[in-house]
Amino acid sequence: VLYTGNPTIGSTIKFKGKNWIVTHKSGSNIYVSDYVIESTTQFGSHNAYAGSTLENVAAVFQSDLGLTTTEQLLIPNTIVNGVTAKVFVASYEQMNGEWSYFNSNARRICNYKGTAQWYWTSSPVSSTGIWVVNGDGSFSTYYDHGNPGAFRPSICLPA
């Protein structure tokens, strides 16, 4: 068993000792986002997710989860903004209703150490800006890639 809990949209499951919100179902897979923000990090030196500091933080987080060989085989890779990985940062589109759970500002709010915090998406919005989710769940464009923002990982699991 990969996780415990009922994998329905909006429910919380436990996977690798962490709580995750089920945000979307697609075929035989569920997409989950961390219930809390894990850490803060800069996006990187540019606004592309591929090759960014944020992508590297997601890869380290994936490694730190300690996935077993069986889990590595069962958990599919997801492609988001040019990056293929098991753990990733959701895109603006996913956070803005493409994933059925994220259909309101209230459902996008996420806490870091008990306080609502803005966090990165993996999506550029312009030649220099990046979409972020504000502490109130709304969206805005952020241009300071080197300023620490919050890291909220997501993962696809077999249902």
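Preceding this section is the structure that the text describes.
Residues numbered from 1 in each chain as written. Predicted model: local features only at pLDDT ≥ 70, side-chain atom pairs only at ≥ 80, totals over all residues. Heavy atoms only, no water.

## Quick word on the overall build of the chain
Which entries qualify depends on this criterion: Only DSSP runs of H or I with at least four residues qualify as helices, and only runs of E with at least two residues qualify as strands; both kinds are numbered from the N terminus onward. Radius of gyration: over C-alpha atoms. The globule rule applied is 2.2 Å multiplied by the number of residues raised to the 0.38 power. Residue exposure (1.4 Å probe, protein chains only): buried if accessible area is under 20% of the type maximum, exposed if over 50%, otherwise partly exposed.
When helices and strands are counted, the chain shows four helices and 14 strands. Its C-alpha radius of gyration of 15 Å places the chain within 12% of the 15 Å reference for a compact globule of 159 residues. Considering only C-alpha atoms, the chain reaches an extent of 40 × 30 × 30 Å along its principal axes. Considering the chain as a whole, with its 159 residues, one finds that 47% of them fall into the buried category.

## Thoughts on the packing of aromatic side chains
Here is the rule we go by: The pairing test for Phe, Tyr and Trp rings, Trp by its six-membered ring, is centres within 6.5 Å, and the orientation test on the planes gives stacked under 30 degrees, edge-to-face over 60, and tilted for anything in between.
Under the criterion given, the structure shown has 14 aromatic pairs. Summarising the aromatic geometry, the rings of tyrosine 92 and tryptophan 131 are spaced 4.1 Å apart at their centres and angled 15° between planes, so their arrangement reads as stacked. With a gap of 39 residues between them, tyrosine 92 in helix α3 (residues 92–98) and tryptophan 131 in strand β11 (residues 130–133) connect regions that are remote in the sequence. Classification of tyrosine 92 as buried rests on a relative accessible area of 18%. Summarising the aromatic geometry, the rings of tryptophan 99 and phenylalanine 102 are spaced 6.4 Å apart at their centres and angled 25° between planes, so their arrangement reads as stacked. The same class applies to tryptophan 99 and to phenylalanine 102, which are both buried. Ring pairs connect the aromatic residues Tyr31, Phe88, Trp99, Tyr101 and Phe102, which therefore count as one cluster.

## Section: the environment of serine 63
Considering the arrangement of structural elements, one finds serine 63 in helix α1 (residues 53–64). Residues serine 63 and glycine 10 lie 53 residues apart in sequence; the distance between their C-alpha atoms is 26 Å.

## Side note on the sheet that holds strand β1 (residues 12–15)
Note: strands within a sheet are paired through backbone hydrogen bonds, in either parallel or antiparallel orientation. Rule in force here: Here a strand pair is declared whenever DSSP counts at least two bridges between the two strands. Each axis is a line fitted through C-alpha atoms, taken for helices only over the stretch in contact, and angles between the N-to-C directions span 0 to 180 degrees. Should any heavy atoms of two residues lie within 4.5 Å, those residues are counted as being in contact.
Spatially, the five strands line up as an open sheet ordered β1-β2-β3-β14-β7, and their pairing is antiparallel. Since the sheet does not close on itself, it has two edges, and those belong to β1 and β7 (87–89), each with one partner. Here the average twist between neighbouring strands, direction ignored, is 45°. In terms of strand pairing, strand β2 (residues 18–26) meets strand β3 (residues 29–34) through six bridges, oriented antiparallel. Considered in β3, the bridge of valine 22 is made with valine 32. Across the sheet, α1 is in contact with β2, β3, β7 and β14 (153–158); its angle to β7 comes to roughly 150°.

## Describing the pairing of β11
Covered by surrounding structure in β11 are Ile130 and Val132 together with Trp131 and Val133, the residues of both alternating faces. Where strand β10 (residues 119–124) meets β11, three bridges bridge the pair, whose relative direction is antiparallel. Residue pairing across strands places tyrosine 119 opposite valine 133, the latter belonging to β11. Counted between consecutive antiparallel strands, the loop separating β10 from β11 contains five residues. Taking the residues between adjacent antiparallel strands as the criterion, β11 and strand β12 (residues 139–142) are bridged by five residues, where glycine 137 takes a positive phi near 90°.

## So, the nonpolar core
How we decide: Throughout, nonpolar core names a set of buried Ala, Val, Leu, Ile, Met, Phe, Trp, Tyr and Cys residues whose side chains join them through atoms within 4.5 Å.
Counting residues in each nonpolar core, the largest one holds 46 residues, and the members touching the most others are Ile13, Phe15, Val32, Tyr49, Ile155 and Leu157. In this structure tyrosine 49 touches Phe43, Leu54, Glu55, Ala58, Val80, Asn81, Val83, Phe88, Val89 and Ser122, once residues within four positions along its chain are discounted.

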